[in-house]
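Coordinate analysis (summary)
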Amino acid sequence: MEKPKTTSKYKHIVLTSHPGRTSQKPVSINWGEIDAMKRGPIIGTLTNPAQKNVIGTHSGSYSVYRALAIASGSLQANHRPDLTNTSPVVHIGPYPSWSDRDKIVSLDPFGAVVGEVFQDYYQKEYDIRPTIAITKAHINMPELQEVVNQGILQVDGKILKDNGNLVVTKIAVDPVWYLPGIAKRLNVPESYLRQVLFQQTGGMFPELVTRPDLQVFLPPIGGNTVYIIGDVEAISDPDKVLAVRVHDECNGSDVFGSDICTCRPYLVHGIEVCIQTAQAGGVGVIVYLRKEGRALGEVTKFLVYNARKRQEGGDRADAYFTRTECVAGVQDMRFQELMPDVLHWLGITRIDRLVSMSDMKYNAIVNSGIEVIERIAIPDDRIPEDAQVEIAAKQAAGYYTPNTVPDAIALSQIKGRSLSE
Ligand SMILES: Nc1nc2c(ncn2[C@@H]2O[C@H](COP(=O)(O)OP(=O)(O)OP(=O)(O)O)[C@@H](O)[C@H]2O)c(=O)[nH]1
Ligand SMILES: [Zn+2]
């Protein structure tokens, strides 16, 4: 093995599995406190281990790329972000839900405003990083222009501009898990959850099992992005109509337009409903969650596509979920019970138009205390031909549909394309 040229970068390793020997105690976190200073900052920094008061580190899965940048010498390990002019372009909250330690357990309600509410700590040289960033953008999806051309949507010059440009407020949210709350949602003992998290990450975070005093975990996973169409303040205004689509990532369809599922067309329809709602004086919210392939991952998803299309009788709606289960051992790992957290963070208590057919999403939202007035299905003419298998299988499995639920005979007859077509 090639010897390192210099040993100066190789510091001795300090294990985090037990409290440090320094007398300085990290700032405690009192989850669910509405007063930010009483709640305490989330500190996932590695620049000063004595300050760190969580398990894991900030930036989710990108912490691994940070390691590559440091290892290759392009990033200084002690770099501290210059946060000048990075503060949110709009204010969210605080809302009563922020003070309920059971309502929000998977994100930090103060994640966008750390620079504001934790000024005292910054003055004392604490390294606190935002876990939420809020900005504005124009987005453009070609289908929106088509809907304008068909006369379904109108350009208003403020929300929807010429050539299909849509004005949005967008919010990136990194996950911050309050482990006692996550365990409660899963209905399992916290110690057991910690043990399984430790094991299933290959022993990556020993503090999960050795530091019960650390209750917050920054998991190395993707978070979500919120797109708000219309007036942000209207989201929590009970007199204004609110449309919402919560959408789980499907890169193949969302970005590349694959026709095996309804993801992109339904996302576009959700945006369309949000625009109509905003133009009528309400507001629309799209939440895009990084849970590719029902949180089974894209490799599993593509393996299942092959298995579906190669099985005897070809790709059939009646075998849709079985094929997934054969490969993954489970149909779905999204755990929708955590999804409403972001809705509560936005101050949502009622959704007038929920653009989703999923019973799992609906049940999670309603069980979390948010009222849902109307559920909006994807229009039939937006379903790609090869996605008929998926939509029929979902309807038979309990997804909401205004149409007749396909019976066993119909399910066995709904077929998709073969791999050679
Ligand atoms: N494993 C697997 N995942 C799939 C397949 N087709 C789509 N997905 C994933 O299923 C999820 C679909 O999420 P959403 O678009 O939010 O839709 P939904 O949960 O069916 O609910 P709706 O709101 O009714 O559309 C995404 O994570 C996709 O990547 C498939 O064949 N196999
Ligand atoms: Zn899809």
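Remember, it's a predicted structure, so these values are computed and weren't measured experimentally.

1. Some remarks on the overall build of the protein chain
Summing up its helical and strand segments, the protein chain has 17 helices and 10 strands in all. Here the C-alpha radius of gyration of the protein chain, 23 Å, is about what a compact globule of 421 residues would show, namely 22 Å. Seen through its principal axes, the protein chain has C-alpha atoms that stretch 70 × 50 × 45 Å. Across the protein chain, every contact between residues at least 6 apart in sequence was considered, and the portion connecting residues at least 24 apart equals 71%. Carbon and sulfur atoms form 53% of the exposed surface of the protein chain, whose accessible area is close to 21200 Å². Considering the protein chain, the positive charge centre built from 44 side chains and the negative charge centre built from 48 side chains are found 7 Å apart.

2. As for the nonpolar core
Residues Ile171, Leu343, Trp345 and Leu346 are the most contacted members of the largest nonpolar core, which totals 45 residues. Here this core gets 4 residues from one element, more than from any other, and that element is strand β8 (residues 283-289). Leaving out residues up to four positions away in the same chain, Leu343 has contacts with Val244, Val246, Val287, Ile348, Ile351, Ile365 and Ile370. One finds Leu144, Val148, Cys274 and Ile376 within the second-largest nonpolar core, a separate group that totals 32 residues.

3. Considerations on the site of ligand 1
Near ligand 1, the surroundings consist of 25 residues, among which Glu249, Arg334, Ser356, Lys361 and Lys394 are the closest. Gly293 has a polar backbone atom sitting 2.8 Å from an oxygen atom of ligand 1. A total of 650 Å² of accessible area belongs to ligand 1 in isolation, and the protein chains cover 99% of it. Elements with a minimum of two residues in the shell around ligand 1: β7 (242-248), α10 (263-279), α11 (292-295), α12 (298-310) and α16 (388-396). Among the elements that make up the shell around ligand 1, the one with the highest residue count is β7 (4 residues). A class-by-class count of the residues in the shell around ligand 1 yields 9 nonpolar, 4 polar and 12 charged.

4. Focus: the packing of helix α5 (residues 142-149) against α10
The interhelical angle for the contact between α5 and α10, taken along N-to-C directions, is 55°, at an axis separation of 10 Å. Accordingly, the angle class assigned to the pair α5 and α10 is oblique. In terms of crossing hand, the pair formed by α5 and α10 is right-handed. Across the interface between the two elements, Pro142, Glu143, Leu144 and Val147 of α5 pack against Arg264, Val268, Ile271, Glu272 and Ile275 of α10.

5. Description of the packing of helix α6 (residues 179-186) against helix α7 (residues 190-200)
Two elements in contact, α6 and α7, have axes whose closest approach is 9 Å; the angle formed by their N-to-C orientations is 100°. Regarding the angle of α6 to α7, the classification is roughly perpendicular. Residues Leu179, Pro180, Ile182, Ala183 and Leu186 of α6 touch α7, and the partners they reach there are Glu190, Leu193, Arg194 and Leu197. Of the residues that constitute the contact of α6 with α7, the class distribution is 7 nonpolar, no polar and 2 charged.

6. Examining α5
Taken as a whole, α5 has its buried residues at Leu144, Val147 and Val148. Around the axis of α5, the buried residues are gathered within 105° of arc, so they sit on the same side. Turned more than 90 degrees away from the buried face of α5 sit Pro142 and Asn149, all of them exposed. Looking at the buried positions of α5, the neighbouring elements they touch are β3 (166-173) and α10.

7. Details of the coordination of the zinc ion (ligand 2)
Within the protein, the atoms that donate to the zinc ion (ligand 2) are Cys250 (SG), Cys261 (SG) and Cys263 (SG), at distances of 2.1 to 2.2 Å. Here the donor residues for the zinc ion (ligand 2) map to a single chain with the spacing C-x10-C-x1-C. One end of the pair, Cys250, is in the loop between β7 and α9 (251-254); the other, Cys261, is in the loop between α9 and α10, with 11 residues separating them in the sequence. Taking the relative accessible area as the measure of exposure, Cys250 reaches 4% and is therefore buried. For Cys261, a relative accessible area of 2% corresponds to the buried category.

8. Thoughts on the confidence of the model for the protein chain
In the predicted model, the protein chain carries a mean pLDDT of 93, and 96% of its residues have values of at least 70. Confidence estimates for the predicted assembly give a pTM of 0.94 and an ipTM of 0.96.

9. Describing the sheet that holds strand β1 (residues 55-56)
Here 3 strands make up an open sheet; going across it, the order is β1-β5-β4 and the pairing mixed. Of all the strands in the sheet, the pair left with one neighbour each is β1 and β4 (177-178). Here β4 pairs with strand β5 (residues 216-218) via 2 bridges, running antiparallel. The partner of Trp177 across the bridge, within β5, is Phe217.

10. Some details on the pattern of salt bridges
Per the counting criterion, the structure on display carries 22 salt bridges. Here Glu190 and Arg194 are joined by a salt bridge, their closest N and O atoms 2.8 Å apart. Linking Glu190 with Arg194, this pair stays in helix α7, spanning 4 residues, or about one helical turn. Judged by its relative accessible area of 23%, Glu190 falls in the partly exposed class. Residue class for Arg194 comes out buried when judged on its relative accessible area of 4%. Between Glu292 and Lys301 there is a salt bridge; the shortest N-O distance is 2.6 Å. Given the relative accessible area of 13%, Lys301 is considered buried.

Reading guide: rules and limits
- Residues numbered from 1 in each chain as written.
- Chains lettered and ligands numbered in written order.
- Predicted model: local features only at pLDDT ≥ 70, side-chain atom pairs only at ≥ 80, totals over all residues.
- Heavy atoms only, no water.
- Helix = DSSP H or I, 4+ residues; strand = E, 2+ residues; numbered from the N terminus.
- Rg over C-alpha atoms; globule rule 2.2 N^0.38 Å.
- Contact = heavy atoms within 4.5 Å.
- Areas by Shrake-Rupley, 256 points an atom, 1.4 Å probe, with all protein chains shown as cover.
- Lys, Arg positive; Asp, Glu negative; His and termini not counted.
- Charge placed at Lys NZ, Arg CZ, Asp CG, Glu CD.
- Core = buried A, V, L, I, M, F, W, Y, C linked by side-chain atoms within 4.5 Å.
- Buried < 20%, exposed > 50% of the residue type's maximum accessible area, 1.4 Å probe, protein only.
- Near = heavy atom within 4 Å.
- Polar contact = N/O pair within 3.5 Å; in protein donor to acceptor, adjacent residues only side chain to side chain.
- Nonpolar A, V, L, I, M, F, W, Y, C, P; charged D, E, K, R; others polar.
- Axes fitted to C-alpha atoms, helices over the stretch in contact; angles between N-to-C directions.
- Parallel < 35°, antiparallel > 145°, perpendicular 65-115°, else oblique.
- Left-handed = near helix turned anticlockwise from the far one by under 90°.
- Arc of directions from axis to C-beta.
- Donors = N, O, S within 2.8 Å, 3.2 Å for Na, K, Ca; no water.
- pLDDT = per-residue confidence, 0-100.
- Pairing = 2+ DSSP bridges.
- Salt bridge = Lys/Arg side-chain N within 4 Å of Asp/Glu carboxyl O.

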